[in-house]
Amino acid sequence: ETDTTTFTATYAITQADIDAGEVVNQAIAEGTTPANNIVSDLSDNDVITEDDPTIVDICQDLFIGLVKEGTFNDTNGDGCANVNETISYAFTVYNLGTATLENITITDDLVAVAGGPITLAPQAIDGTSFTAIYSITQEDIDRGFVENQAIVKGYTLLGQEVEDLSDDNSEYEDDPTITELCQGASIALIKTGTLTNDQNGNGCIDLGDEIMYDFAVYNTGNVELTNVYITDPMVGLVLNGGPITLAVGASDTTEFTGVYTVTQEDIDAGNVTNQATAFGTPAIGSEVSDLSDDNSILENDPTVLAVCNTIADMSVTKTGVFNDENNDGISQIGETISYIFSVTNTGNVTLYNITLEDPLPGIIISGGPIEELAPGEVDDTTFTAIYEITQDDIEAQEVLNQAVATGQDPNGVDVSDESDDPNDPTNVDPDGDGEPDDVTITILPAVGPGDFEIFNGVTPDGDGKNDFFYIKEISKYSNNTMEIFNRWGVLVYETTNYGGSNDEENVFRGISEGRVTISEDDQLPTGTYYYVLKFTGENPGELGSYPEDGKESYAGYLYINR
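Residues numbered from 1 in each chain as written. Predicted model: local features only at pLDDT ≥ 70, side-chain atom pairs only at ≥ 80, totals over all residues. Heavy atoms only, no water.

A. Spotlight on the confidence of the model for the protein chain. Confidence in the prediction of the protein chain, expressed as mean pLDDT, is 89, and 93% of residues score 70 or more. The element-level mean pLDDT for the protein chain is lowest in strand 37 (residues 453-454), coming to 82, with strand 12 (residues 150-155) highest at 97. (pLDDT = per-residue confidence, 0-100. Helix = DSSP H or I, 4+ residues; strand = E, 2+ residues; numbered from the N terminus.)

Here you go:
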């Protein structure tokens, strides 16, 4: 007889059972015969004639997970990654299965992982046992990040292996851990200048001298820079060199140079001032740039080189010509004097807004202002003036006066000069500036009590009128010398016994017969000239025929009009 219903049993599975993967057990059945003999049997799992234990297999749901997190350590606190700064890695291991896992280890191709092995019960988490430190390389910084995955492995008590690729934030995923690295691309430029072609050898910067500029470029960031080049807005600068590549922390002081020729604008400014710009391109991100400094990679001051002492100065000449409007050789009220002004910039800076004033009452000045006058430049056309002579002038037989020209240097400072009479060889210099400032004297012809008379107009056009410098009755005083100078004081004519035997011989006809600096026999240009007539014997003054008795010389202006 068989009974399959009377006996049942329930057993609560333990963790050890799950770890073992089975529950192994045998029961014992006992019974008593009528003769009171006890009989028994060890259970079997399926055959009544055997005694094998009953084995119940238990399913093991295995799960291991790994989360790997990286933290950048900014050791120097500059906000960006540098070589040999570190990343700290933290590892969290999860056993979310039903079986205990032992001999759990982590391997990582990037770093040596410290800690472990460990054992984790089901549903246990460990976030402290495993750590790692990684030293950052330049390649990592150039890339902009560090990317990696670790592998966690563990074993059941039955020896079954389980593993998982790490994730950056979840035990259920397998994404690599990416730690971003700051790419602080930056560049710095220093520009210095040296006088190399000192034309006059005075040791300072003048117009036309050459300056050699040297450029020092620095990679001040944490990534390599390629296509490093320099631009410079300085007009006329010849820039050489580049592009180059600069490693982190590297500098170049020889590749880039420039040559510049000093201009008048520089002299006017009192210095040569400029800034260049350096550019470089990182592997990732936009081009970076820096304005140059004169001595520091941390600043952006322009490079300034002082020029030689600047001099703002001018020279003004004033020439007067009597206009004998009625051609009678005598000055009368209402006849005029024409004034010609020449302004020369005698300094080494440009002058601006030059105006002219003349205190002579009644004079009418035309022209101006001169907007700009470069060093050495002469302007003899802008300013003119007309003056009507008065009775006082006629009685004085001359008109004396000076004009004053005023301009501004490039800094707006006034520069002025009193006019000079270029036909007056005395060349007085009352202000001691090295430029003569003679008062302009315009002689007015008058009729004296005798026949001696000087006519100071020459029109050598062959019409028979005023073709030569005519002095009436000069032939009576043959012991004489005549000298004629141009407006710059150069002797253009000289002779003795002027006028010859009839006042018309050996006379000045507007042709150069003076020094070798003037081409002989050349026609002299229209303009004002200065004559000096001297007597070595008898003179008109002794005869009482001219206003001053005993006058041994006469000097005045002579005008040639062609």
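That covers the picture; the talk isn't over yet.
B. Representation of the side chain of Thr-319 in the model. Here Thr-319 shows up in strand 26 (residues 314-323). If near-sequence neighbours (up to four positions away) are discounted, Thr-319 is found in contact with Ser-338, Tyr-339, Ile-340, Pro-422, Asn-423, Thr-440, Arg-487 and Thr-528. (Contact = heavy atoms within 4.5 Å.)

C. Broad picture of the sheet that holds strand 23 (residues 277-281). The sheet built from 4 strands is open, its strands ordered 19-17-23-24 with antiparallel pairing. At either margin of the open sheet sits one strand with a lone partner, and together these are strand 19 (244-246) and strand 24 (288-291). Adjacent strand axes in the sheet meet at a mean angle of 30°, parallel and antiparallel pairs treated alike. With 4 bridges joining them, strand 17 (residues 225-231) and strand 23 adopt antiparallel strand pairing. Looking across to strand 23, one finds that Thr-231 is bridged to Thr-277. (Pairing = 2+ DSSP bridges. Axes fitted to C-alpha atoms, helices over the stretch in contact; angles between N-to-C directions.)

D. Representation of the environment of Pro-525. You can see Pro-525 is positioned in the loop between strand 41 (491-496) and strand 42 (527-535). On the basis of relative accessibility, which here comes to 53%, the residue Pro-525 falls in the exposed class. The spacing of Pro-525 and Glu-139 is 386 residues in sequence and 83 Å in space, taken between C-alpha atoms. (Buried < 20%, exposed > 50% of the residue type's maximum accessible area, 1.4 Å probe, protein only.)

E. Molecular detail of the pattern of salt bridges. Summed over the entire model, instances satisfying the criterion amount to 6 salt bridges. For Arg-143, the salt bridge identified is with Asp-140, shortest N-O distance 3.1 Å. Of the two residues, Arg-143 and Asp-140 both sit in helix 2 (residues 138-143), 3 residues apart, roughly one turn of that helix. You can call Arg-143 partly exposed: its relative accessible area is 36%. With a relative accessible area of 5%, Asp-140 lands in the buried category. With a closest N to O distance of 2.4 Å, Lys-318 and Asp-358 form a salt bridge. Note that Lys-318 is positioned in strand 26 and Asp-358 in the loop between strand 28 (351-357) and strand 29 (364-366), a separation of 40 residues in sequence. (Salt bridge = Lys/Arg side-chain N within 4 Å of Asp/Glu carboxyl O.)

F. How the structure looks around the state of the cysteines. In total, this model carries 2 disulfides according to the counting rule given. The disulfide partner of Cys-204 is Cys-308, and the S-S distance across this bridge is 1.8 Å. Around the S-S axis, the bridge from Cys-204 to Cys-308 shows a dihedral of about 105° and counts as right-handed. Of the two residues, Cys-204 sits in the loop between strand 15 (187-197) and strand 16 (210-219) while Cys-308 sits in the loop between strand 25 (303-306) and strand 26, which places them 104 residues apart along the sequence. Take Cys-308: its relative accessible area is 10%, and that puts it in the buried class. (Disulfide = S-S within 2.5 Å.)

G. Looking closely at the sheet that holds strand 38 (residues 457-458). As summarised here, the arrangement of the 5 strands in space is 38-43-42-40-41, forming an open sheet in which the pairing is mixed. A strand with exactly one partner marks an edge of an open sheet, and here the two such strands are strand 38 and strand 41. Strand direction decides the pairing type here: strand 38 and strand 43 (residues 553-560), joined by 2 bridges, are parallel. What sits directly across from Val-458, in strand 43, is Ile-560.

H. Layout of the environment of Thr-131. Along the polypeptide, Thr-131 turns up in strand 10 (residues 131-135). With 16 residues separating them along the chain, Thr-131 and Gly-115 place their C-alpha atoms 6.7 Å apart. If we skip the residues at most four places from it in the chain, Thr-131 touches Tyr-89, Phe-91, Ala-112, Val-113 and Ala-114.

I. How the structure looks around the side chain of Thr-350. Along the chain, Thr-350 falls in the loop between strand 27 (336-345) and strand 28. The residues contacting Thr-350, other than those within four sequence positions of it, are Gln-264, Asp-268, Asn-345, Glu-372, Leu-373, Ala-374, Pro-375, Gln-408, Asp-409 and Pro-410.

J. Spotlight on the packing of aromatic side chains. According to the stated counting rule, one finds 11 aromatic pairs in the structure shown. The interplanar angle of 15° and the centroid separation of 4.9 Å between the aromatic rings of Tyr-229 and Phe-279 together place this pair among those described as stacked. Taken together, the residues span a long stretch of sequence, with Tyr-229 in strand 17 and Phe-279 in strand 23 at a distance of 50 residues. Residue placement shows Lys-68 over the ring face of Tyr-89; its charged tip is 4.3 Å from the ring centre. (Phe/Tyr/Trp six-rings, centres within 6.5 Å; stacked < 30°, edge-to-face > 60°. Lys NZ or Arg CZ within 6 Å of the ring centre and 35° of its normal.)

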